[in-house]
Amino acid sequence: MAVRRKNRKQQEYFFDYTLLFIVLFLLGFGLVMLYSTSSYEAALDYGNSAYYLKKQLISTALGIVCMLIVSRINYHFWERFAVIGYIAAVVLILMVLSPLGHEVKGARRWLRLGPLSLQPAEIAKLAMILFLAVLVCKMGKGIRTWKGFILAVGAAAPICLLIWKVTNNLSSAIIVAGIAVLMVFVAAPDYKRFVLMAVGVCAAAALIVFIIVKNAEGQAEAAADGGIQSDAGFRGDRIIAWLDPEKYASDEGFQTLQALYAIGSGNLFGKGLGRSMQKLGFLPEAQNDMIFSIICEELGLFGALSIILLFILLIWRFMVIANNASDLFGALLVVGVLGHIAIQVILNIAVVTNTIPNTGISLPFISYGGTSVLFLLAEIGLVLSVSKGIRLNDVG
Amino acid sequence: MSTENRNHQRNRNYQRSSRNVENRNYRNNSRSQELRSLQRSSLQGERRSAEGRTSQRNRRSAEGRTSQRNGRNAESRISQRNRRSLENRELLKRTKSQGARVPEAAPKGTGARFTIRMQKKLAVLFIVVLLAFLGLSMRLYAINKEDSENYKKQVLSQQEYSSKVLPYKRGDILDAKGTRLAYSEKVYNLVVDASVINSKQIYVEPTVSALNTCFGIDANEIRNHLAQKPKDKYYVVKKQLTYEEISPFLELQKDEEKGKNIKGIWFEEEYKRNYPFGSLACHTLGFTSKDNIGTNGLEAYYSDILNGTNGREYGYLNDDSELERTTKAAVDGKNVVTSLDANIQRIVEKYIKQFNEQHQGEYRQGELGSKHTGVIVMNPKTGNVLAMAAYPDYDLNNPRDISAYYSQEEIAKMEEEDTYLDTLQGLWRNFCIQDAFEPGSTAKAMTIAAGLDAGKIKGNEYYDCNGQLEVSGHHIHCHRTNGHGNLSVSGALEQSCNVALMHMGDAIGTETFMKYLTNFNVGLKTNIDLAGEARTANLIYDVDSMVRSDLAISTFGQGYKVTMIQLASAFCSIINGGYYYEPHIATEIQNPDGSTAETITPRVLKQVVSTETSEKMRTYLNAVCITGTGTTAVPAGYLIGGKTGTAETYPRKQGQYVVSFIGYAPADDPQVVVYVVVDRPNVEDQPHSTFAQEIAKGIFTEILPYMNIFRTEKLTEEQEEELRKLQILESVSENSVEKGEGEEDGEDETEQEKEEEKPNYTYDDRTGNIIDPSTGYQVDPNTMEYVDPLFSTIGDISGTPSENEQEEDTGEGGNPGQ
């Protein structure tokens, strides 16, 4: 009888270990890289080379606990929190303006709750995934119509706008919008409108870049004539620096250029773990958004491609889970998480390689950032919870 | 999507629900097969999604069939058709809510499905993501391939550029009382980085104007530089600014509003060597040139100890272009504590200057009071040098400035003739250790000591002097041409009779004489811890080739050459009981924090003469200063011993003399030796040792009270008056006001005052008291009123009333034998 019981357990509590191990490996690797990258600056600034590592370890441990708990709860449990989560995200973002708001390096993006500080934008990403999954399920076939499409995408708009305008965090806003679009893309049968949308976004981006460049040239001429110096705004500067980082090597282009130096000097196998030179005060925020360039420097092209491969594996696991999910809600949750991680990884690497203009996007599981890793792991917990559903359905 | 497939899909869904029901019934039988089939099907599922969309549909149906078959095997006879009813689904829901162990078995709530169409779109999304990753990988590869070399160089060049040297601080040179004679001060070089300032137009104006207001740098000069070399990173505009000078700028730069656009200015740190007393002990201390290289004197001799090791701010690259991580802080240099005493040195230099100013241009037009004047003050019991001064001197803070001695035209001429450097070298020469000269009669002390110690003369001999002596056909004269008459050994020394000394030389013999001379270190370096001591080995006679006349003139210090330090050290050994101490200046090496790293103890090298000989010599030398040629040098109130010297320089018969006096005090217990040499005094009639004696007397008069050596002799009215003038004794009225302590504190302080011409109250660094220079009294720092020493609460005052009383008592009751 005892043997039977044991067997039954094995059968019922299936875990997608492939996914789990990929995530754990990424976390472990991330911590090693974080320590390697941040130890020098941490020792200089805080007198403790493990300063960042310690903080990240705490968040990671919390995140893993969170992930395990979430994975054991039936994901339908969260359905009822969709609207509450959405509203909570809005409120939290607005609270950044309150005295609880906390400013780091000139950006007011954090909430300080006692010893913890937390970034509402990260919560908003999770809330958006949950909310859209529920919304699309509720709409059913309604998603196929223009009305349904606009409703679904429009649901994301307020949060995106809030993140952009209130916390002045365009990159997070783009990510939330991206998650929403990807979820709707998967849910809606149409291609045309998405292609149209993509073309539209590209055209708009090209136009903005064009205007900014023209503007900058005009300014440069005006400045050369001894005219008034105006402020193009930091995003404008970043775009100009993106086009020619060498020219703005001393300010806007500095970080990008230093990241490129790091990548370029890595070669095939890199300088070896811990031997980066760029992290020694040259590359700002090396442990943060720019950690990928240090990976390139220390572990070379090989290390970088390995990491990319791991992320591909991760996304592939997500797809398998989504495809086999027992219902649309579960599948959409997984698609949302897939979208979130895919967008962040792609944008992060694109920024580091100067493929797109510099904007602060962290590399999931690897970059320094407590809230980010906590909520990412919660999302993984959700995916694991969905994955449990598959198994029993597929059992012959 | 074909109908067939739709059917499959539906079929499968129904199967699922029905299977769950069966699971409960047949679980035991089918468990193992289920597991196996799960593995298989999930494997297939994975393969399916990986391989994309083309064959997806077929596979899916195939899989459907497979699982169907498996299900059939496991569940045996149960027909599928029966389970196609909605009732079954309802049943399932019910069983679930009744607590069946099938937690996530069935869809709930929305009931919607993740359709094939959605799966397809997800696959499309996956491929888009894959393509994005592929694109980024290509980009990574491209960066590595195209710019790798370039970027690698960039990284390395950045590294070197930023790997900043942290300069060490060169150690201090301190005197015996802890006064800093030389120290290094952190200074800042103002560096302009034009590339940063030019990077944004808005930086230029604020930066240029800040430089102008804070440092008074001409705005146009900076603008020109920015325009001409827009990419220049390193342009030193101002050098060696103190922290006070740069702090207004630093504050301005910190200012949020005004300092925001001040960019591209940084300060390079370095250390500047400072000599707070300017020319004091310049020859002994020496100075440093660029990069802390010591030039001359102690600075050169102890350069390695004074220097530390530079640190580096970041790591540096090793041979494999790898980063060495150790961030090394600069190790500051060690301090050298010397036996020099700034006060004694100051007194010595005062009298040297006084003499030279008095005789400036007196006989030789446009020349100084002497070619050179050198003074060494030593402690005969340790060989430590208390003061060492040479004239002409120079300002250590500005050693290349010779405008004090030469006019602009002369300097221009020197530069033309390329003799400017030679002139500088001459000025920097330390006469006391680098110049050799014939010692003259001061050497007679060595001759007699050698004779006595070797037993060749007993001290009871008498010699007849008729003004000259014929030696090997040479008529060698005594300085008194009509002769001294009959003289004892002591008398010969007192009167400095050459003829008597030549007779003694005959008695001593060449070998013994030269042996003793070598024992006195004549011809050998004394190894004093100063750079550049002269070698005199070939300036003395070789014992094998020495003829009788050579010995004859050697007995009274002609024919061979010594340096001042050689003679002073030898003289010390004659009077201190016969022990030859290595002359030394450093007494202690300190760590940068002031703790002792090494104590340098006095080193006895040998005993040259016996204690008895030494004692006898002291009596003779004392007599020289009582009844002999050395009376001029005697300071009021003291008994001293000493020997005068007058040596004619080469070429002879030019009326050029080196006059000298070497003396010690007190006569019975030598505490201090003063050796004064005046090289060719600027007077018509040179051969009088009184020039040197007067300097020595002045020095003795002031340093003996300073060294707490008390007067033993009665003062005459005149002497009292003289001392009052020097403020060593208080004036009568002051005496009635206050006895004792005020004197002790005031005396040398006021001397310094006169020298420095400071108008107001001064700080006595020996006692920490504030002194009124006009009276020599201690002053309350709060009220600026005189302090009654008996009720003083201000601080400790050196000297006690009893000491002073004792001094005066002995002074009055002592032996008036001058």
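Residues numbered from 1 in each chain as written. Chains lettered and ligands numbered in written order. Predicted model: local features only at pLDDT ≥ 70, side-chain atom pairs only at ≥ 80, totals over all residues.

Q: Please give an account of the overall build of chain B that cites residues and values.
A: Each helix and strand counted, chain B has 27 helices and 29 strands in total. Relative to its full complement of 818 residues, chain B shows a buried share of 41%. Counting contacts in chain B only where the partners sit at least 6 residues apart, residues at least 24 apart contribute 72% of the total. (Helix = DSSP H or I, 4+ residues; strand = E, 2+ residues; numbered from the N terminus. Buried ≥ 20, exposed ≤ 12 C-beta atoms within 10 Å, placed from the backbone. Contact = placed C-beta atoms within 7 Å.)

Q: An account of the sheet that holds strand β24 (residues 641-648) of chain B is needed here, citing residue identities and associated values.
A: Residues and elements named next belong to chain B. Strand order in the open sheet formed by five strands is β13-β12-β26-β25-β24, with antiparallel pairing between adjacent strands. Two strands close off the open sheet at either side, each with one partner strand: β13 (385-391) and β24. Averaged over all pairs of adjacent strands, the angle between strand axes in this sheet comes to 5°, irrespective of strand direction. Where β24 meets strand β25 (residues 657-665), eight bridges bridge the pair, whose relative direction is antiparallel. In the strand pairing of β25, glycine 642 is matched with glycine 663. Taken strand by strand, helix α12 (residues 342-358) contacts β12 (370-378) and β13, and its axis lies near 25° from that of β13. (Pairing = 2+ DSSP bridges. Axes fitted to C-alpha atoms, helices over the stretch in contact; angles between N-to-C directions.)

Q: Provide a residue-level description of helix α3 (residues 51-72) of chain A, including the pertinent values.
A: Residue and element names in this part refer to chain A. Taking 1.5 Å as the rise per residue, α3 with 22 residues should run 32 Å; its terminal C-alpha atoms sit 33 Å apart, in good agreement. Of the positions making up α3, those classed as buried are Tyr52, Leu53, Gln56, Ser59, Thr60, Gly63, Met67, Val70 and Ser71. Each buried residue of α3 lies within a common arc of 130° when the element is viewed along its axis, so the set occupies one face. Turned more than 90 degrees away from the buried face of α3 sit Lys54 and Ile69, all of them exposed. (Expected span 1.5 Å × (residues − 1). Arc of directions from axis to C-beta.)

Q: Provide a residue-level description of helix α10 (residues 254-264) of chain A, including the pertinent values.
A: Of all the 11 residues making up α10(A), 10 are buried; the element is thus mostly covered by neighbouring parts of the structure. Taken together, the buried positions of α10(A) are occupied by Gln255(A), Thr256(A), Leu257(A), Gln258(A), Ala259(A), Leu260(A), Tyr261(A), Ala262(A), Ile263(A) and Gly264(A).

Q: Can you explain the environment of Phe277(B)? Please cite residues and give values.
A: All names here are of chain B. On the secondary structure map, phenylalanine 277 appears in the loop between β5 (265-274) and α9 (282-285). Given 21 C-beta atoms within a 10 Å radius, phenylalanine 277 is considered buried. C-alpha of phenylalanine 277 to C-alpha of alanine 182: the two residues are 95 residues apart in sequence and 8.5 Å apart in space. If we ignore the near neighbours within four places in the chain, the residues touching phenylalanine 277 are Leu181 and Ala342.

Q: Go over unusual backbone geometry, please, and point to the residues and values.
A: Residue and element names in this part refer to chain B. Cis geometry is found at the peptide bond from tyrosine 391 to proline 392, where omega equals 0°. Mapped onto the elements of the fold, proline 392 is located in the loop between β13 and α13 (408-417). Even without being glycine, asparagine 521 reaches a positive phi, approximately 70°. Judged by the 24 C-beta atoms lying within 10 Å of it, asparagine 521 falls in the buried class.

Q: Describe in detail the nonpolar core, supporting the description with residues and values.
A: By size, the foremost hydrophobic cluster in this structure holds 140 residues, and its most contacted members are Val176(A) and Val334(A). Those residues in contact with Val176(A) that lie beyond four places of it in its chain are Ala124(A), Lys125(A), Met128(A), Ala156(A), Ile159(A), Cys160(A) and Ile163(A). With 132 residues, the next largest nonpolar core counts Tyr516(B), Ala570(B), Tyr580(B) and Ile703(B) among its residues. (Core = buried A, V, L, I, M, F, W, Y, C linked by C-beta atoms within 7 Å.)

Q: Account for the packing of helix α16 (residues 444-454) of chain B against helix α22 (residues 611-626) of chain B, naming residues and giving values.
A: How two helices pack is summed up by the angle between their axes together with the distance between the axes. All names here are of chain B. Between α16 and α22, whose axes approach to 10 Å, the crossing angle comes to 140°. Taken together, the axes of α16 and α22 lie oblique to each other. Crossing handedness for the pair α16 and α22: right-handed. Contact residues: Ala445, Ile448, Ala449, Leu452 and Asp453 in α16; Thr613, Lys616, Met617, Tyr620 and Leu621 in α22. Looking at side-chain class alone, the contact of α16 with α22 contains seven nonpolar, one polar and two charged residues. (Parallel < 35°, antiparallel > 145°, perpendicular 65-115°, else oblique. Left-handed = near helix turned anticlockwise from the far one by under 90°. Nonpolar A, V, L, I, M, F, W, Y, C, P; charged D, E, K, R; others polar.)

Q: Can you tell me about the pairing of strand β22 (residues 596-599) of chain B, naming the residues and giving the values?
A: Residues and elements named next belong to chain B. Across three bridges, strand β21 (residues 586-590) lies against β22 in antiparallel orientation. Bridge pairing links isoleucine 589 to glutamate 598 in β22. Counting the residues that bridge the hairpin from β21 to β22 gives five residues, and of these glycine 594 lies at a positive phi of roughly 100°.

Q: Account for the sheet that holds strand β3 (residues 116-118) of chain A, with residues named and values stated.
A: Residue and element names in this part refer to chain A. With respect to topology, three strands assemble into an open sheet ordered β1-β2-β3, the strand pairing being antiparallel. Of all strands in the sheet, those bounded by a partner on one side alone are β1 (101-104) and β3. On average, each strand axis in the sheet is tilted by 45° relative to the strand beside it, whichever way the strands run. The sheet contact formed by β1 and strand β2 (residues 107-113) spans four bridges and is antiparallel. Paired with histidine 102 across the bridge in β2 is tryptophan 110.

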